[in-house]
Amino acid sequence: MKTNGRMRSACWALRAPNKMTGSHTLCTPGALAWRLAARGRAACTGSVSFGKFILVEALSALILLVSFAGCGSDGSAHKKLAQIAVWEDQGWTANGALTAFLSDRNEDVRERAVLALGRVNDTLALDSLRRVVLGDPSPRVRAMAAFSLSAWTWQAGKGALLDALANEKDPLVLVPILHSLGRVYARDESARYYPFLRHPDPGVRAQAALTFDMVNRREAADSVLPLLHDPDSSVRWMAMYALIRAKSDSAARRALAFCNDANPDVRNIAYRLAGSVKTPESMSALLAGLNDPDPYVRIGVADGFLTCRDTGLYNRVLPYFDTEPDFGVLQRLVRSLGEYWRDERMGNAFQRLLHHPNPGIRAQAAGELCKRRDVPCGERVTPAAADPDPFVRLAFLESVDNASRFGLADTAILSPVMRLLCSDSVPTVRAHALQSYSGLGPGDLGDYINRAYHDPDPGVVAMSISLIGSIHVMSYVDSLHALYPKYRDDPNPDVKWAITAASANMLPSVFIDSTRQDIINWGMADPNRLVRWYTIAVAFKFRQDRRDGLGVYRTDLNVGNVDSLLPVPGSMLSARLQTTKGTITIRFDTQWAPRTTRQFVAIARSGAYDRSRINDVQAGQLIQMGDRRGDFADLPPANLRDELSPLRLEPGAVFWMIQTRDSGRGLFSIALGRIPYQDWRFAVFAHVTQGLEVARSLSPADSIRTVEILTGPS
């Protein structure tokens, strides 16, 4: 009878050696039971207890029988991939059944099973990935295992990665191993990375340099320096990028030679490296770089000013505030100079920028005005609180938060402004204003918390509950108990998280009463697995371990509907974004991020992306977009679980924006340049095929007019 690859390999795993013939006999279910019984009798006669034997062998038998169930069937790789997709969505190993696919003969099946294990945070997944990265015959699968070991920044995976580094020869695998070691912060083992700076493969050399940067080993600078003259341009660029934080005098001096390079990418990173050390030569080079004809290079110059911290030079840069034509360069200059400003002339320049026509510049100026450590934040920045753009008002609140942390907020001036913003028309502004107002320590904070507690927006309610817990308002305990059932079926976990945390904060002992016990019980029974995870953390405070009841993520996928609910890998699906500056066309990567693609397509077809603003611009690095109102109101209420995408953040990469794990809802970003330090931290679900220059020209004053989903070649 014909069998497929995985089933054949599973059958081989169940073949028992015949001592008389030297051959292998296929284990039938009856033979398997006989073998287990025989091993049980042997265990009873030895030192191992029969009870312990039963526990160990029962799990082994379960996994073997699951594997055996497919032996001799006529299943296809497609069906296996569908099953893996379901378990990946649920975030579990199916009691070990997922690991059976690691012995499949089909490379695609093994690779996808490894990626699915990266989304499971338990020891079985970790042990399985260790075996794969050390022993799978396919470099592609071993590379995916190394990548998956970094998904949760598992310190426990460090040993497996170091063992793999010592034995691996294939550059395809060495690159993710080195990257993952940086992610798990394997700092004490940096001596093992030195040989890879001289590896014959340029990709390995570049990644070794970046790993040194990720573990922040300044003493490694001398070892990375020779790569500045590497014959491969990509290695030279990565070496300069990695040396910026090392603050090496030698590296900064050598960077000056690249400031006149014909390639603007090289000039950009050379100016950033030159500014990492404050010397007369590097400062002169930065001033000259402000006249470079390429805006991307001038952004690198602005970054150089940020790292050099030469405040005496800043007044010579101020005239460029009035003459710089490019929004991205000006925003970067304001950010760089605002980080360490000390004199009145610069403060006046920032204050003038609060009236700049571009809201991105106004927001940046508001953020910088409260960074001076010897002058209270107050009258200078208050015009930003009345700005018509909510993006600027939020920047004002963040600047006040920053000043409050250092005791530099002028409460007499700022308190009336905060009270007005607590009634702002935008929910995100109201929630943030309440948080900022609490930092000023006002006497009437309770009144504003109570008002927010009854706000129609769940985000504002969640903020009020968080403050209730932080200031231990015990009178709200019964009210929180009554509020939880109202939000029990809400797919957005924010309010439920806040209620669970507040109930714990209001009882700082290790004992718990019946009211709070109800809240914990509800949290453990919540349909949202993220809420259940959070409840476990809270319950642990009361010495309650509830991990056994965690369960799996709920999913609408099953083996029969995967093809209809997830985009088919390799499908030519694309989208056209019409912006106020022109058209951007993107092509989706349905192989590595099918769920994210599905979410984006659904939001786009609902019209929620139409007329959405450009939410943030980090010149030369990325633009963030997709939130029309700035308060997530038009986006799906449920968060999308993070997908693990092995694609790097190259220019034109379109990736899902998250603040914390599994927090993506609809915001997305386009990478404008190479962002090595953020590689493999976000799900890259598409790439720009046309219009990258349009994306680079966007500012917070621009918006997306429409998003059209296309099929076929873009």
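Coordinates for the structure precede this section.
Before going into details, it helps to say that this report is about the structure given with it. (Residues numbered from 1 in each chain as written. Predicted model: local features only at pLDDT ≥ 70, side-chain atom pairs only at ≥ 80, totals over all residues. Heavy atoms only, no water.)

A word on the pattern of salt bridges
In a structure, side chains of opposite charge can pair up when their charged atoms sit close to one another. All told, the structure shown has 37 salt bridges when counted by the stated rule. Ionic pairing is found between Glu107 and Arg140, a salt bridge with its closest N-O pair at 3.3 Å. One end of the pair, Glu107, is in helix H5 (residues 107–117); the other, Arg140, is in helix H7 (residues 139–149), and 33 residues separate them in sequence. Overall, Glu107 belongs to the partly exposed group, its relative accessible area being 30%. Note on Arg140: relative accessible area 29%, which makes it partly exposed. Put simply, Glu708 and Arg576 hold a salt bridge, and the shortest N to O gap is 3.0 Å. (Salt bridge = Lys/Arg side-chain N within 4 Å of Asp/Glu carboxyl O. Helix = DSSP H or I, 4+ residues; strand = E, 2+ residues; numbered from the N terminus. Buried < 20%, exposed > 50% of the residue type's maximum accessible area, 1.4 Å probe, protein only.)

Concerning the sheet that holds strand E9 (residues 684–690)
Read around the barrel, eight strands follow the order E3-E4-E9-E7-E8-E6-E5-E10 and close on themselves; strand pairing throughout is antiparallel. Each neighbouring strand pair of the sheet contributes to a mean axis angle of 35 degrees, computed without reference to strand direction. In this sheet, strand E8 (residues 668–671) lies alongside strand E6 (residues 622–625) in antiparallel orientation, the contact comprising four bridges. Within E8, the position partnered with Ile623 by the bridge is Ile670. Contacts between helix H32 (residues 594–606) and the sheet are confined to strand E3 (573–579), strand E4 (582–588), strand E7 (653–656), E8, E9 and strand E10 (703–711), with E10 contributing the most and set at about 120 degrees to the helix. (Pairing = 2+ DSSP bridges. Axes fitted to C-alpha atoms, helices over the stretch in contact; angles between N-to-C directions. Contact = heavy atoms within 4.5 Å.)

Let's talk about the pairing of E6
Alternating positions in E6 separate into two faces, Leu622 and Gln624 on one and Ile623 and Met625 on the other, with burial throughout. Two strands pair when backbone bridges link them, and strand E5 (residues 612–618) and E6 are joined in this way by four bridges, in the antiparallel orientation. Paired with Ile614 across the bridge in E6 is Met625. Connecting E5 to the next strand, E6, in antiparallel fashion are three residues, including Gly620 with a positive phi near 80 degrees.

Quick notes on the state of the cysteines
Per the counting criterion, the structure on display carries one disulfide. Linked covalently through their sulfurs, Cys370 and Cys377 form a disulfide whose S-S length is 1.8 Å. The same class applies to Cys370 and to Cys377, which are both buried. (Disulfide = S-S within 2.5 Å.)

A word on the layout of surface pockets
There is about 800 Å³ of room inside the second largest pocket. Around the second largest pocket, the lining comprises 34 residues; the ones closest to its centre are Asp265, Tyr296, Pro651, Gly673 and Arg674. At the level of secondary structure, the elements contributing two or more residues to the lining of the second largest pocket comprise helix H10 (202–214), helix H12 (233–243), helix H14 (264–274), helix H16 (295–308), helix H19 (327–338) and helix H33 (692–696). (1 Å grid on protein atoms, 1.4 Å probe; cavity = no way out; pocket = protein on both sides within 12 Å on 5 of 7 lines; lining within 4 Å. Points joined across faces, edges and corners; volume = space filled by probe spheres on them.)

Comments concerning empty space enclosed by the protein
Applying the stated criterion across every chain, the model contains three cavities of 30 Å³ or more. In this structure, the second largest cavity spans a volume of roughly 60 Å³. Residue lining of the second largest cavity: Trp341, Leu369, Cys370, Arg372, Val375, Pro376, Cys377, Gly378, Arg380 and Val381, and that is the complete set. Residue composition of the lining of the second largest cavity, by class: seven nonpolar, one polar and two charged. (Nonpolar A, V, L, I, M, F, W, Y, C, P; charged D, E, K, R; others polar.)

Digging into the packing of H5 against H7
For any two helices packed against each other, one specifies the inter-axial angle together with the distance between the axes. Packing of H5 against H7 leaves a shortest axis separation of 9 Å and a crossing angle of 5 degrees. Classified by the angle their axes make, H5 and H7 are roughly parallel. Here Glu107, Asp108, Arg110, Glu111, Val114 and Leu115 of H5 lie close against H7, whose contacting residues are Arg140, Val141, Met144, Ala145, Phe147 and Ser148. Of the residues in the contact of H5 with H7, the class split is six nonpolar, one polar and five charged. (Parallel < 35°, antiparallel > 145°, perpendicular 65-115°, else oblique.)

Side note on the packing of aromatic side chains
Taken as a whole, this structure holds 18 aromatic pairs when the rule is applied. Between Trp237 and Tyr241, the ring centres sit 5.5 Å apart and the planes meet at 15 degrees, which makes this aromatic pair stacked. One end of the pair, Trp237, and the other, Tyr241, are both in helix H12, four residues apart, so they sit about a helical turn from each other. Residue Tyr241 is classed as buried on the basis of its relative accessible area, which comes to 13%. A ring pair is formed by Phe321 and Phe350, whose centres lie 6.0 Å apart and whose planes are at 35 degrees; its orientation type is tilted. Taken together, the residues span a long stretch of sequence, with Phe321 in helix H18 (residues 320–323) and Phe350 in helix H20 (residues 344–353) at a distance of 29 residues. (Phe/Tyr/Trp six-rings, centres within 6.5 Å; stacked < 30°, edge-to-face > 60°.)

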